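Fold and geometry: a report
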Amino acid sequence: MNSKSIPSPSVDTEGHPINAHGGGILHHDGSYYWYGECRPPGPASQNALIGISCYSSADLIAWKNEGVVLSVIKDDDSHPLAAGCTVERPKAVYCAHTGKFVLWWHHDLKGWGHAGALAGVATSDSPTGPFTFIRTLKPNWRMFRDCTLFVDDDSSGWLVYASDDNATLVINRLSDDYLEPTPIAYRAFSGRFMEAPCIFKYDARYYLIASDCTAWHPNEARSASAPSLAGPWLEHGNPCLGPGAEITYGAQSTYVLPHPRNPGEFIFMADRWVPERMEDSSYLWLPLTFRQTVPIQPARPLISPPQD
Ligand code: DGJ
């Protein structure tokens with residue numbers, strides 16, 4: 001089965017639309033867990049009125065709704081998670097050092113829009129939660145917005161996020177329990193305004209797929225690679241092929257997952273946002289493969305266009 005046979009998901013095992021936007025996948029103990037923004041219906045859906053959802057699957061095709069694993073707080077406006085706050089781009093990883101599951105996301109307090117630029121962090125003993133809120137913070141006192149998590153082969157945990165008002169990506173080593181940023185932080189792509197970062201590894205090299213910075217409107221994706229998370233990063237240009245490549249087929253990156261059966265293949269996961277009705281935003285999952293297009297340069301990632 002190649003990645004073309006893993007279709008873009010839409011409904012869960014009960015036939016309900018999957019509600020897990022801007023999310024990421026954790027592969028743990030043979031199961032996949034998809035964490036995302038649980039968007040409410042109606043015009044206020046750009047705020048967090050529910051929390052972070054989780055779906056589980058054995059095959060990346062049948063998704064079981066595991067419910068809301070981190071809920072907003074509806075009866076205390078002084079709480080950072082007060083309903084109406086901003087919770088975006090949740091990503092979760094398993095910490096082998098502690099045996100716990102760790103969730104990070106971009107957070108903004110109720111009424112702050114995106115001005116606060118905070119990170120949120122929570123933890124759980126189970127991949128299906130419930131997650132216990134720990135705190136919001138600015139890692140190393142830096143602005144924090146779009147983000148992703150990456151666990152390297154040596155079990156080091158890394159938090160990658162848009163900072164400096166989205167102008168720069170920061171690649172921040174986490175503590176051994178993945179709950180704290182350490183002072184080890186690399187700044188990359190200064191002035192390039194990369195959002196929606198995805199970090200993955202291929203052929204012992206680190207790869208990044210990200211978007212440009214145009215609010216909820218689709219734009220041209222970017223790709224880059226480096227021999228180390230410290231860099232130096234080499235940009236490879238737009239990874240998308242075919243019609244619609246210039247606007248990422250109307251979608252924005254959110255995660256890249258190794259294909260379960262095809263070594264060297266990945267699944268590029270993206271969101272087709274509907275800003276006026278966020279709960280109607282859909283998912284676009286496409287095959288990502290590698291090809292050496294420039295002699296002496298590393299192989300570059302290439303995303304196949306949708307077949308629809
Ligand atoms: C683009 C980001 O990728 C989203 O997570 C969200 O913050 C929107 N911008 C808000 O305009």
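Scroll up a little and you will see the structure.
Residues numbered from 1 in each chain as written. Predicted model: local features only at pLDDT ≥ 70, side-chain atom pairs only at ≥ 80, totals over all residues. Heavy atoms only, no water.

Quick look at the sheet that holds strand β1 (residues 21–28)
Inclusion rule: When DSSP finds two or more bridges between two strands, those strands count as paired. A run of H or I in DSSP counts as a helix once it spans at least four residues, and a run of E counts as a strand once it spans at least two, with each numbered from the N terminus. Helix axes are fitted to C-alpha atoms over the stretch in contact, other axes to C-alpha atoms as well, and angles between N-to-C directions run from 0 to 180 degrees.
Spatial strand order, β1-β2-β3-β4: four strands in an open sheet with antiparallel pairing. Where the open sheet ends on each side, the last strands, each with one partner, are β1 and β4 (64–71). Neighbour-to-neighbour, the strand axes of this sheet turn through a mean angle of 25°, independent of strand direction. When strand β3 (residues 51–57) meets β4, the two strands line up antiparallel, connected through six bridges. Bridge pairing in β4 links S53 to V68.

Digging into the pattern of salt bridges
In plain terms, the rule: A carboxyl oxygen of Asp or Glu within 4 Å of a side-chain nitrogen of Lys or Arg is what we treat as a salt bridge. Think of it in three bands: residues with accessible area under 20% of the maximum for their type are buried, residues over 50% are exposed, and the middle band is partly exposed, with areas taken using a 1.4 Å probe on protein chains only.
One pass over the structure, following the stated rule, counts 14 salt bridges. When the shortest N-O distance is used, the salt bridge between K100 and D125 registers 2.4 Å. Linking K100 in strand β6 (residues 100–108) with D125 in the loop between β7 (118–124) and β8 (132–137), this pair joins segments that are 25 residues apart in sequence. Residue K100 is classed as partly exposed on the basis of its relative accessible area, which comes to 33%. We classify D125 as exposed; its relative accessible area is 61%. Its salt-bridge partner being K201, residue D153 comes within 3.0 Å of it at the nearest N-O pair. Here D153 is found in the loop between β9 (147–151) and β10 (157–163), whereas its partner K201 is found in strand β13 (residues 195–202), with 48 residues between them in sequence. On the accessibility criterion, D153 (66% relative accessible area) is exposed. Taken together, the salt bridges that share partners define one network made up of D152, D153 and K201.

Comments concerning the site of the ligand
Under the convention used in this document: Throughout this document, a residue counts as near a molecule or strand when at least one of its heavy atoms sits within 4 Å of that molecule or strand. We define a polar contact as two N or O atoms separated by no more than 3.5 Å, with the added condition that, inside protein, one atom must be a possible hydrogen donor and the other a possible acceptor, whereas residues neighbouring each other in sequence contribute only through side-chain atom pairs. Methods summary: accessible areas were calculated by the Shrake-Rupley approach with a probe of 1.4 Å, and residue burial reflects only the protein chains presented.
By nearness alone, every residue bordering the ligand is listed as E88, R89, H114, D146, E195, A215, W216 and Q252. Between the ligand and the protein, one listed contact pairs an oxygen atom with a side-chain N or O atom of D146 at 2.5 Å. In this structure, Q252 approaches the ligand through a side-chain N or O atom, which is 2.9 Å from an oxygen atom. If the ligand stood free it would expose 300 Å²; the protein chains cover 91% of that surface.

Quick notes on the pairing of strand β19 (residues 282–291)
By the criterion of burial, β19 is predominantly enclosed, with seven of the 10 residues buried. Relative to β19, strand β18 (residues 266–272) is paired through seven bridges, and the arrangement is antiparallel. Bridging across to β19, M269 finds its partner in W285. Note: β19 against strand β20 (residues 300–303), four bridges, orientation antiparallel. Looking at β20, one finds that L288 is bridged to I303.

Remarks on the environment of V151
Applicable threshold: Residues are treated as being in contact if the distance between any of their heavy atoms lies within 4.5 Å.
Residue placement: V151 occurs in strand β9. Separated by 22 residues in sequence, V151 and R173 have C-alpha atoms that sit 9.8 Å apart. Other than its neighbours up to four places away in sequence, V151 contacts V93, S156 and Y178.

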